[in-house]
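Read off the chains here:
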Amino acid sequence: MKKLFAILSVAAMMALAPLSLYAQDEAAANEEATVENVEEVEVIEEVAAPDAPAADEFDPEVDVEGEPLHQVLKKQFMDGGVGWMSPLLLCLVLGLAIVIERTIYLNLSTTNTKKLLENVEEALNTGGIEAAKEVCRNTRGPVASIFYQGLDRYNEGLDVVEKSIASYGSVQMGLMERGMSWIGLFIALAPTLGFMGTVVGMIDAFDSIQAAGDISPIVVAAGIKVALLTTVGGLIVAVILQLFYNYLVAKVEGLVLSMEDSSISLVDMLTKYSKK
């Protein structure tokens with residue numbers, strides 16, 4: 001019996017020995033493969049390292065694709081369709097032209113009303129109505145023009161002076177607001193043209209789907225892009241002109257308030273002068 005057990009033990013050891021050697025060889029092979037992979041990763045990182053600083057460089061005049069900004073804007077303008085983007089550009093150019101003209105006119109119309117009232121009062125006390133009219137004639141701005149009209153009708157009575165100031169004040173306010181309606185038109189027209197381009201672009205997209213018989217992104221991309229670009233263009237034009245329009249409206253309101261306040265002071269001044 002003991003011999004039988006000894007024989008079985010030797011046979012088992014001989015059978016398991018090749019399996020142990022195979023497991024050791026496989027483990028060694030895995031370790032070598034891991035070392036090779038790590039070395040390859042290190043080599044790749046070393047090669048890519050010199051190019052890494054280039055990603056930190058940034059040019060504000062170049063977009064993410066490396067194209068100049070004006071080239072990108074030109075490309076978007078062409079992609080939006082010249083037939084739709086050109087009217088939007090025309091609205092922007094004409095609107096800005098009117099804004100510049102109105103800004104210059106209103107800035108030139110601004111007058112130091114306090115100093116003007118002091119000069120008119122001094123002229124009244126020293127030289128009378130004619131001297132005061134000469135001061136207004138030599139002063140630029142709508143306030144001086146209103147003062148001149150009131151002084152010119154002093155001999156007809158204070159009631160006539162007040163009516164003349166009110167009437168000519170309305171004329172001056174109309175001159176200051178001249179051209180503002182055109183800016184309002186361009187503000188309303190630009191988004192309308194953009195939305196119209198959107199509708200036309202969507203119609204083209206559905207026509208392309210019908211012609212191809214397939215709903216594919218490639219088929220509808222061109223029409224949808226035109227639709228979106230025209231909408232964005234119209235909104236951008238409207239926002240820009242709206243900002244300048246509000247500035248001009250505030251400027252006109254300030255001038256009108258100054259005209260009304262100065263006119264009341266002039267009537268009071270003439271009332272005192274008539275009692276002398």
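Structural notes, computed from the coordinates. Nothing here was measured: the structure is a model prediction, and the numbers come from that model.

**Overview of the layout of surface pockets**
Part 1 of the reasoning: The calculated volume of the second largest pocket comes to roughly 200 Å³.
Part 2 of the reasoning: Lining the second largest pocket are 13 residues, with Ile165, Ala166, Gly169, Glu260 and Ser263 positioned closest to its centre.
Part 3 of the reasoning: Elements with a minimum of two residues in the lining of the second largest pocket: helix H6 (158–176) and helix H8 (217–274).
Part 4 of the reasoning: Residues of the lining of the second largest pocket, tallied by class, amount to eight nonpolar, three polar and two charged.

**Describing the environment of Leu89**
Part 1 of the reasoning: Among the secondary structure elements, Leu89 is positioned in helix H3 (residues 82–109).
Part 2 of the reasoning: For Leu89, a relative accessible area of 43% puts it in the partly exposed group.
Part 3 of the reasoning: Taking the C-alpha atoms as reference points, Leu89 and Gly233, 144 residues apart in sequence, are found 8.5 Å from one another.

**A look at helix H7 (residues 180–212)**
Part 1 of the reasoning: A rise of 1.5 Å per residue sets the reference length of H7, with its 33 residues, at 48 Å; its end C-alpha atoms lie 49 Å apart and thus fit the reference within 8%.
Part 2 of the reasoning: Every buried residue belonging to H7 is among Met180, Ile183, Phe186, Ile187, Ala190, Pro191, Leu193, Gly194, Gly197, Gly201, Ala205 and Ile209, and all of these are buried.

**Focus on the packing of aromatic side chains**
Part 1 of the reasoning: Throughout the structure, instances matching the rule amount to one aromatic pair.
Part 2 of the reasoning: Taken together, a centroid distance of 6.5 Å and an interplanar angle of 35 degrees make the contact between Trp182 and Phe186 tilted. Of this pair, Trp182 and Phe186 both sit in helix H7, separated by four residues, roughly a single helical turn.
Part 3 of the reasoning: Taking relative accessible area as the criterion, Trp182 reaches 49% and is therefore assigned partly exposed.
Part 4 of the reasoning: For Arg102, the ring lying beneath its charged end belongs to Tyr105, and the centroid distance is 4.5 Å.

Calculation rules
- Residues numbered from 1 in each chain as written.
- Predicted model: local features only at pLDDT ≥ 70, side-chain atom pairs only at ≥ 80, totals over all residues.
- Heavy atoms only, no water.
- 1 Å grid on protein atoms, 1.4 Å probe; cavity = no way out; pocket = protein on both sides within 12 Å on 5 of 7 lines; lining within 4 Å.
- Points joined across faces, edges and corners; volume = space filled by probe spheres on them.
- Helix = DSSP H or I, 4+ residues; strand = E, 2+ residues; numbered from the N terminus.
- Nonpolar A, V, L, I, M, F, W, Y, C, P; charged D, E, K, R; others polar.
- Buried < 20%, exposed > 50% of the residue type's maximum accessible area, 1.4 Å probe, protein only.
- Expected span 1.5 Å × (residues − 1).
- Phe/Tyr/Trp six-rings, centres within 6.5 Å; stacked < 30°, edge-to-face > 60°.
- Lys NZ or Arg CZ within 6 Å of the ring centre and 35° of its normal.

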